[in-house]
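# Residue-level structural notes
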Amino acid sequence: MRLVLLGPPGAGKGTQSAWLIDYLKIPHLSTGDMLRQAALHDDPTGLEVRQFLQAGRLVPDPIVLDIVDHRLRELDCANGYLLDGFPRTIAQAEALDTHLASEGTPLDAVLELAVDEHRLVQRLTGRGRADDRPEIVPQRLQIYRRQTAPLLNYYFHQGILRSIDGNGTTKQVQSHIKRIVDRIGANQS
Ligand code: AMP
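Predicted model only: the values in this text are computed from it and were never measured. (Residues numbered from 1 in each chain as written. Predicted model: local features only at pLDDT ≥ 70, side-chain atom pairs only at ≥ 80, totals over all residues. Heavy atoms only, no water.)

## Description of the pairing of strand 4 (residues 109-114)
Extensive coverage of strand 4 is indicated by the burial of five of its six residues. Relative to strand 4, strand 1 (residues 2-6) is paired through four bridges, and the arrangement is parallel. Across the sheet, residue Leu5 finds its bridge partner in strand 4, namely Leu111. Pairing between strand 4 and strand 5 (residues 161-165): five bridges, direction parallel. (Buried < 20%, exposed > 50% of the residue type's maximum accessible area, 1.4 Å probe, protein only. Helix = DSSP H or I, 4+ residues; strand = E, 2+ residues; numbered from the N terminus. Pairing = 2+ DSSP bridges.)

Have a look at this one:
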């Protein structure tokens, strides 16, 4: 199953990804994780990535697309994957579509985790990750609204958007996601 998990920072994408990849036996493709890894290297790409991460800004598309393109070609992605934190811009979504069309491997669904903004701020300020510095939280949410939220409309029009109320408990959100992926699985078999 090929899935995208979409939602603002603090929506619970990491938490929900953790059980979902185990449940579906698919690799977890988190561009946040990949970029944090890339930022550990002292090469030009690593240095550039580090600056964007620290500023809470989106890493430029060419860098992200290069990393994702390589990852999608790895063998473990042949039977599906969960993309988490990618795409984050319309340009990234279009590049992904071009790749998927050339391989003849369309996405099965885009799962949106929708969470009220005041809850996101509470969660993000309590998380303590380097790019969750309280002073850049509003900026990250604004970047989501401006650059990533338009993807909801993009995937709605493709007919593959599935929106999930992410305000509930982890278990409630989990059972909602499970219902959706079970239905997709049943239609495929
Ligand atoms: P995440 O772990 O998904 O919250 O991502 C952490 C940070 O990595 C983001 O704030 C961005 O700076 C960067 N990042 C992750 N995914 C992308 C992406 N698809 N495009 C650009 N930047 C990204």
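Text resumes after the structure shown.
## Things to note about the packing of helix 1 (residues 13-24) against helix 9 (residues 170-188)
Their axes nearest at 11 Å, the elements helix 1 and helix 9 cross at an angle of 40°. In terms of their interaxial angle, helix 1 and helix 9 are classed as oblique. For the pair helix 1 and helix 9, the sense of crossing is right-handed. Between helix 1, through Thr15, Gln16, Trp19, Leu20, Tyr23 and Leu24, and helix 9, the contact on the second element is made entirely by Thr170, Val173, Gln174, Ile177, Lys178, Val181 and Asp182. Class assignment for the residues of the contact of helix 1 with helix 9 results in seven nonpolar, four polar and two charged. (Axes fitted to C-alpha atoms, helices over the stretch in contact; angles between N-to-C directions. Parallel < 35°, antiparallel > 145°, perpendicular 65-115°, else oblique. Left-handed = near helix turned anticlockwise from the far one by under 90°. Contact = heavy atoms within 4.5 Å. Nonpolar A, V, L, I, M, F, W, Y, C, P; charged D, E, K, R; others polar.)

## Details of the nonpolar core
One finds Val59, Leu96, Leu107, Val110 and Tyr155 to be the most contacted residues of the largest nonpolar core, which totals 30 residues. Elements that contribute at least two residues to this core include exactly strand 1, helix 2 (31-38), helix 3 (44-55), helix 4 (61-72), strand 3 (81-84), helix 5 (90-103) and helix 8 (150-158). Once you skip the residues sitting within four places of it in the chain, Leu96 turns out to touch Val4, Leu72, Leu83, Phe86, Pro87, Leu107 and Tyr155. Counting 22 residues, the second largest nonpolar core, distinct from the first, contains Leu5, Leu82, Leu111 and Leu124. (Core = buried A, V, L, I, M, F, W, Y, C linked by side-chain atoms within 4.5 Å.)

## Remarks on the packing of helix 7 (residues 137-148) against helix 8
The N-to-C vectors of helix 7 and helix 8 enclose an angle of 35°; their axes lie 5 Å apart at closest approach. Along its contact with helix 7, which presents Tyr144, Arg145, Arg146, Gln147 and Thr148, the element helix 8 presents Pro150, Leu151 and Leu152.

## Overview of the environment of Gly56
Of note, Gly56 is situated in the loop between helix 3 and helix 4. Assessed through its relative accessible area of 11%, Gly56 is described here as buried. A sequence separation of 83 residues divides Gly56 from Gln139, and the C-alpha atoms of the two residues are 7.2 Å apart. Once residues lying within four places of it in the same chain are set aside, the contact partners of Gly56 are Ile136, Gln139, Arg140 and Ile143.

## Some thoughts on the packing of aromatic side chains
In this description, a pair of aromatic rings is defined by centroid distance and the angle of the planes. Summed over all chains, the structure comprises two aromatic pairs. On the numbers, 5.8 Å between centres and 55° between planes, the contact of Trp19 with Tyr23 is tilted. Taken together, the positions of Trp19 and Tyr23, both in helix 1 and four residues apart, correspond to about one turn of that helix. For Trp19, a relative accessible area of 15% gives the class buried. For Tyr23, a relative accessible area of 36% translates into the label partly exposed. (Phe/Tyr/Trp six-rings, centres within 6.5 Å; stacked < 30°, edge-to-face > 60°.)

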